[in-house]
Amino acid sequence: AAGVIQSPRHLIKEKRETATLKCYPIPRHDTVYWYQQGPGQDPQFLISFYEKMQSDKGSIPDRFSAQQFSDYHSELNMSSLELGDSALYFCASSLGRTGGYEQYFGPGTRLTVT
Amino acid sequence: AQRVTQPEKLLSVFKGAPVELKCNYSYSGSPELFWYVQYSRQRLQLLLRHISRESIKGFTADLNKGETSFHLKKPFAQEEDSAMYYCALRVETSGSRLTFGEGTQLTVNP
């Protein structure tokens, strides 16, 4: 079965550069979530989209923005990168905005900022 | 705000021994609790959710609202159970975001 796809899997950037992470949800899933997991930390919710509209917002820095496109894939744009942005970024997708629908996670994009 | 606590970062048991991974949460309402597992170099996978009350791979978890706990248990651990386990919570008032605990790295020794 198709799973959530994230690209790239690894990304190395320098401070003050920009990065774009992509997420392709499971077919027919209409909700996408982004989580950030720092070294040795638990995943922290950043933002989610339902039917291409932002549905929830967590601890996402103002330097980050995200959107969901008409084909339901999502992109997380990160600008003015800082060393502290180095983390594993997970995308998850589900069918339905709320109501007990399971979130399926992608393999993550490991971002290293030097 | 809701919070999930997993007091043990590391847990090591021998094969065949019982295992219990602790999870406590703070939320005054009725949350939905999950256990996610992450095997080495693999993605997070849902292991259990409290509303389904099922046993997966021999694991069970019972929601204890009085103690605000959702401990994960298995009577006989197997080497293939070695992984990182995350307890997570979802509350309706916060959309469908998951709040994760810090995770417990379980190692099952032969």
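The preceding data block contains the structure.
Everything in this summary refers to the structure shown in the same document. (Residues numbered from 1 in each chain as written. Chains lettered and ligands numbered in written order. Predicted model: local features only at pLDDT ≥ 70, side-chain atom pairs only at ≥ 80, totals over all residues. Heavy atoms only, no water.)

**Considering the interface of chain A and chain B**
Every contact between the two is made by 24 residues of chain A and, on the other side, 18 residues of chain B. A buried area of about 1,600 Å², summed over both sides, lies between chain A and chain B, and 49% of it is on carbon and sulfur atoms. Linking chain A to chain B there are one salt bridge. Here Asp56 of chain A makes a salt bridge to Arg97 of chain B, at a shortest N to O gap of 2.9 Å. Linking chain A with chain B are seven residue pairs in polar contact (both at pLDDT 80 or more). At the level of elements, β4 (31–37) and β6 (53–57) of chain A are the ones that each hand at least two residues to the side of chain A that touches chain B. If you tally residues by element for the side of chain A that touches chain B, the top one is β4 of chain A, at three residues. The class makeup of the residues in the side of chain A that touches chain B is nine nonpolar, ten polar and five charged. (Contact = heavy atoms within 4.5 Å. Buried area = accessible area lost by both parts, 1.4 Å probe. Salt bridge = Lys/Arg side-chain N within 4 Å of Asp/Glu carboxyl O. Polar contact = N/O pair within 3.5 Å; in protein donor to acceptor, adjacent residues only side chain to side chain. Helix = DSSP H or I, 4+ residues; strand = E, 2+ residues; numbered from the N terminus. Nonpolar A, V, L, I, M, F, W, Y, C, P; charged D, E, K, R; others polar.)

**A short note on the pattern of salt bridges**
Residues and elements named next belong to chain B. The tally for this structure, following the rule as stated, stands at nine salt bridges over all chains. Residues Lys22 and Glu20 are paired through a salt bridge, measuring 3.1 Å at the closest nitrogen-oxygen approach. Classification of Lys22 as partly exposed rests on a relative accessible area of 29%. The exposure class of Glu20 is partly exposed, given its relative accessible area of 29%. (Buried < 20%, exposed > 50% of the residue type's maximum accessible area, 1.4 Å probe, protein only.)

**With respect to the state of the cysteines**
Cysteine pairs can be linked by a disulfide, which is a covalent bond between their two sulfur atoms. All names here are of chain A. Scanning the entire structure with this criterion turns up two disulfides over all chains. Here Cys23 connects covalently by a disulfide to Cys91, the sulfurs 1.7 Å from one another. Taking the sign of the S-S torsion, about -55 degrees here, the bridge from Cys23 to Cys91 comes out left-handed. You can see Cys23 sitting in strand β3 (residues 19–24) and its partner Cys91 sitting in strand β9 (residues 87–94), a full 68 residues away along the chain. Judged by relative accessible area, which is 0%, Cys91 ranks as buried. (Disulfide = S-S within 2.5 Å.)

These figures come from the coordinates and say nothing about function on their own.
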